[in-house]
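Residues per chain, in single letters:
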Amino acid sequence: MAYKWTTDLETGNPTIDRQHKELIDTINHLLDACSQGKGRAEIASTLQFLDNYIVRHFGDEEALQSRYSYPDIVNHKRYHETFKKTVKEIVNEFQAGGATIVLVGKVNSAIAAWLINHIKKEDVKVAAHIKQRS
């Protein structure tokens, strides 16, 4: 099942929205590779992308939150830290056991689904706050 960019994922911040779209495109690329039986070959580059993405993207989000005095920044950052641990665990599992179908499933469920939910529930709150303060 591919993820689709919809208006309920838009934050209104061009940088954040572009990064979110990039993430969705990467996850969809992995899912497409899986549907062609090539998921195991694609997992390494997806995990590398995610490792880099979360540092850059979460840093950008947290900088915006600081700049606009987002009142729930502490909790939002906590969500990010928990997610970073999840990604690290998946990367460690990949390094220890290689690319498995179970691992590809975890990337889809533990990473893609979490991020979509996070965007819809948390990032939109940040965006609304920034819009109100701008």
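That block above? That's the structure.
What counts and what doesn't
Residues numbered from 1 in each chain as written. Predicted model: local features only at pLDDT ≥ 70, side-chain atom pairs only at ≥ 80, totals over all residues. Heavy atoms only, no water. Phe/Tyr/Trp six-rings, centres within 6.5 Å; stacked < 30°, edge-to-face > 60°. Helix = DSSP H or I, 4+ residues; strand = E, 2+ residues; numbered from the N terminus. Buried < 20%, exposed > 50% of the residue type's maximum accessible area, 1.4 Å probe, protein only. Expected span 1.5 Å × (residues − 1). Contact = heavy atoms within 4.5 Å. Polar contact = N/O pair within 3.5 Å; in protein donor to acceptor, adjacent residues only side chain to side chain. Lys, Arg positive; Asp, Glu negative; His and termini not counted. Salt bridge = Lys/Arg side-chain N within 4 Å of Asp/Glu carboxyl O.

**Student:** How would you sum up the packing of aromatic side chains? Please name residues and give values.
**Tutor:** Considering all chains together, one arrives at three aromatic pairs under this definition. The interplanar angle of 65 degrees and the centroid separation of 5.9 Å between the aromatic rings of F58 and F83 together place this pair among those described as edge-to-face. Of the two residues, F58 is situated in helix α2 (residues 39–67) and F83 in helix α3 (residues 73–97); the sequence distance between them amounts to 25 residues. Its relative accessible area of 1% is what places F58 among the buried residues.

**Student:** How would you sum up helix α1 (residues 14–35)? Please name residues and give values.
**Tutor:** End to end, α1 covers 31 Å across 22 residues, agreeing with the expected 32 Å (1.5 Å per residue, within 8%). Those residues of α1 that sit buried are I16, D17, Q19, H20, L23, I24, T26, I27, N28, L30, L31 and A33. For α1, the elements touching its buried residues are α2 and α4 (101–133). For α1, the N-terminal cap is N13; the gap from its side-chain oxygen to the backbone nitrogen of T15 is 3.1 Å. Directly beyond the C-terminal end of α1, a positive phi value near 75 degrees is found at G37.

**Student:** Go over unusual backbone geometry with me, naming the residues and quoting the values.
**Tutor:** A positive phi is found at S69, a non-glycine position, where the angle reads about 50 degrees. With respect to the secondary-structure elements, S69 resides in the loop between α2 and α3. When its relative accessible area of 46% is taken as the criterion, S69 is described as partly exposed.

**Student:** Tell me about the side chain of D17, and name the residues and values.
**Tutor:** Assignment of secondary structure puts D17 in helix α1. Of the buried charged residues, D17 lacks a salt bridge, with K21 as the closest side chain of opposite charge at 6.4 Å. For D17, the side chain forms a polar contact with the main-chain nitrogen of T11, separated by 2.7 Å. Residues within four places of D17 in sequence aside, it is in contact with W5, L9, E10, T11 and G12.

**Student:** Quick one: what's the story with the pattern of salt bridges, residue by residue and with numbers?
**Tutor:** Within the structure shown, the criterion is met by six salt bridges. For K106, the salt bridge identified is with E93, shortest N-O distance 2.7 Å. Here K106 is found in helix α4, whereas its partner E93 is found in helix α3, with 13 residues between them in sequence. Notably, a salt bridge pairs K125 with E122, separated by 3.6 Å at the nearest N-O pair. In this pair, K125 and E122 are both assigned in helix α4, three residues apart and thus about one turn of the helix distant.

In short, the description is geometric, and any link to function would need to be established separately.
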